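# Summary of the model geometry
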Amino acid sequence: MPKRSERHPYLKGNYTPIRTTLSSVPCQFQGSIPDEFIGGQYVRNGSNPLADDNSHGALHWFDGDGMLTGVFFERIAGCQGARPRFTNQYVLTDVYCATRKNQALYPIIPSMATLVDPNPSRFQILFEMLRTYVIVCASLLNLIARPIKRVGAANTNIVHHDGRVLATNEIGPPMRVVLPSLKTVGWFTGSRAEGEGKVTDDSACEPYFGGQGIEGFYKEMTTAHVSMTCMILKHKADTDEALVYQPRVDHATGELILFHSTFLPPFVQYSIVPAGMSPSGMRLNQPVPGLLSGKLMHDFGVSSHYTVFIDCPVSLDPYKVRNNESAVEYNPQGRTRLGVFPRHAPERVRWHETSPCIVIHTANTWDEECSDGPRIHLLLCRENSLAPLYTMGCLTPPEVVCAIEPESRLYYYQISDEITQQWALSVIPFEFPHVPRHREMEAAQFIYGSSMTEGNFASASVTGIRIDCLVKVNVKALIQRGETDPPLQIHGAVDTRSIHQIIQSTDPDDPIQVFKLPSGWYAQECSFVPRHRGHGEDDGWVVTYVFDESQLDESGQPKPDSRSELWIIDARSMKDVVARIILPQRVPYGMHGNWFPEDQIKSQRSYRELRTE
């Protein structure tokens with residue numbers, strides 16, 4: 001862990017938290033805003049801790065309070081055009097509101113870095129656990145701040161489901177927010193969101209993530225930095241915690257599919273929330289059999305008819321800290337397993353073994369019925385190193401992790417009775433994948449993602465990930481090429497060119513196209529906005545926040561007047577920036593975002609009240 005005098009790499013440069021929140025500030029822009037953007041909003045979630053230094057001890061990029069940053073393309077009455085407006089707001093979680101009122105409480109929850117430390121101190125962890133226990137109990141007794149009933153930060157993703165926009169995170173249920181203001185309504189626990197209506201006696205019978213009582217509390221428990229806390233808070237039966245980091249929304253059926261990961265048997269709970277809250281379609285807290293221990297599961301795959309769980313050889317056992325052992329352990333000699341089951345029947349899961357790897361994000365999953373049974377196709381970002389989990393917390397990875405040459409690639413798996421195909425589509429670094437939302441769970445032709453000209457996502461995490469390339473991959477073409485001339489299973493790749501060779505390509509039909517940012521400029525995760533009545537799946541635009549690091553001072557910190565921009569890029573050519581929205585302030589590098597069209601904004605469910613600090 002760094003000395004207190006050293007600044008954490010995820011608190012430096014454009015990772016530095018921003019303190020100013022703005023509401024609906026008009027933005028200047030250059031270029032032409034496409035008609036498809038009118039009335040819509042792009043929103044990105046991310047960690048923005050209230051403390052902007054690491055003097056409080058351990059800190060990890062996954063810690064921190066959720067901040068939503070959006071650009072709303074306000075429709076101009078009486079003419080065909082849009083006025084971009086910038087808004088950024090904290091998600092008003094229990095932990096944020098308590099800390100905001102009394103910053104001496106920061107940090108309330110132990111850092112992720114504390115729990116994944118390869119050389120943990122059980123006395124330090126015990127102290128932090130007891131501190132959390134005292135703070136939470138005091139808040140519930142109204143002795144300090146406001147009651148802390150849930151410890152989620154809502155700092156990772158933002159999705160739309162059934163008239164609600166939900167900010168999600170690994171350590172709690174989703175938090176409903178409202179577009180375009182980005183104001184907070186309240187926790188969504190499976191049946192309703194706080195703030196939507198008066199809670200009645202009947203509402204106690206409504207299904208929600210986890211279930212009733214202490215057993216339900218344990219089912220709701222999630223990853224490392226809250227699993228420890230739950231051991232001292234287990235008497236709090238009214239807490240609703242669910243792992244909903246990367247929920248999937250089926251745009252055909254309206255179903256919200258998510259899972260809850262815990263360190264107690266059966267280790268994974270699986271939930272489906274239908275549109276319209278139909279009781280017949282709701283399936284909450286279903287166990288997924290076949291897991292023998294707690295695992296760190298970050299994402300999963302969902303097709304139109306099947307679900308795929310990814311069991312990597314990364315165990316989660318917080319009780320190990322009693323012996324001064326890390327709660328998280330990676331076994332490079334272990335096996336990764338892909339568990340496939342019909343969407344509504346997790347009890348029918350079938351596990352398929354493959355070589356060990358780390359999967360943080362899946363890209364797309366689709367299925368097809370063949371004469372010999374169903375065939376599942378899975379695209380994901382496959383990494384062979386767990387190093388970023390440590391380096392994002394300024395920790396030195398264990399020797400078994402450091403011994404592996406890191407790589408991060410877009411991989412393809414085909415599964416029937418067994419895994420029949422498994423290889424990389426390309427050798428270039430590839431992460432933060434995005435499939436156009438209207439093509440999810442189908443055989444989409446294109447996948448968009450992030451890359452870099454130097455290093456890869458595992459190695460770059462030491463000093464802070466910087467994305468200087470956005471990539472469009474014609475996965476249909478590369479899969480066809482791979483099936484015709486299969487590369488070496490597991491370690492092979494269809495396209496073996498480097499990122500620099502691909503950038504130099506002049507072939508308009510190249511299956512991999514790269515938008516290279518100008519020198520010193522860096523992007524964030526991108527989203528795709530389709531053209532109305534477009535010709536081809538890539539007929540539309542890619543949108544992302546960008547930052548020019550020449551705005552950093554000599555010490556590497558952002559100057560007070562630093563600004564970010566929102567770029568709208570032609571997705572067909574991956575070369576032309578059709579519009580640049582000049583934002584009133586900087587947008588720190590963050591997590592995941594989404595594009596919300598005008599109809600989703602206008603059709604949001606009503607609510608009675610908003611949360612306040």
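Right, let's walk through the structure included here. (Residues numbered from 1 in each chain as written. Predicted model: local features only at pLDDT ≥ 70, side-chain atom pairs only at ≥ 80, totals over all residues. Heavy atoms only, no water.)

Read across the open sheet, the five strands follow the order β1-β5-β4-β3-β34; overall the sheet is antiparallel. Looking at which strands have only one partner, the edges of the open sheet turn out to be β1 (25–26) and β34 (593–596). In this sheet, strand β5 (residues 82–90) lies alongside β1 in antiparallel orientation, the contact comprising two bridges. Among the inter-strand pairings, V25 is bridged to a residue of β5, identified as F86. (Pairing = 2+ DSSP bridges. Helix = DSSP H or I, 4+ residues; strand = E, 2+ residues; numbered from the N terminus.)

Time to look at the packing of aromatic side chains. Going through the model one piece at a time under the given rule, you end up with 22 aromatic pairs. Centroid distance Y90 to Y96: 4.5 Å. Interplanar angle 20°. Geometry classified as stacked. Three or more aromatic residues link up through ring pairs in this structure, and these residues are F259, Y270, F300, F309 and F341. The ring of W351 is capped by R337, whose NZ or CZ atom sits 4.2 Å from the centre of that ring. (Phe/Tyr/Trp six-rings, centres within 6.5 Å; stacked < 30°, edge-to-face > 60°. Lys NZ or Arg CZ within 6 Å of the ring centre and 35° of its normal.)

The next point concerns the nonpolar core. Counting 34 residues, the largest nonpolar core has V314, V328, L338, L386 and Y413 as its most contacted members. Non-local contacts of L386, meaning those with residues more than four positions away in its chain, are made with V314, V328, Y330, I358 and V401. (Core = buried A, V, L, I, M, F, W, Y, C linked by side-chain atoms within 4.5 Å. Buried < 20%, exposed > 50% of the residue type's maximum accessible area, 1.4 Å probe, protein only. Contact = heavy atoms within 4.5 Å.)

Let us now look at unusual backbone geometry. The omega torsion across Y106 and P107 is -10°, close enough to zero to call that bond cis. Mapping P107 onto the fold places it in the loop between α1 (94–101) and α2 (112–116). Cis geometry is found at the peptide bond from L179 to P180, where omega equals 0°. Tracing the chain through its elements places P180 in the loop between β8 (175–178) and β9 (183–187). If you check the backbone angles, L182 has positive phi at about 65° while not being a glycine. Residue classification places L182 among the buried residues on the basis of a relative accessible area of 1%. Of note, N285 is a non-glycine position whose phi angle comes to about 60°, a positive value.

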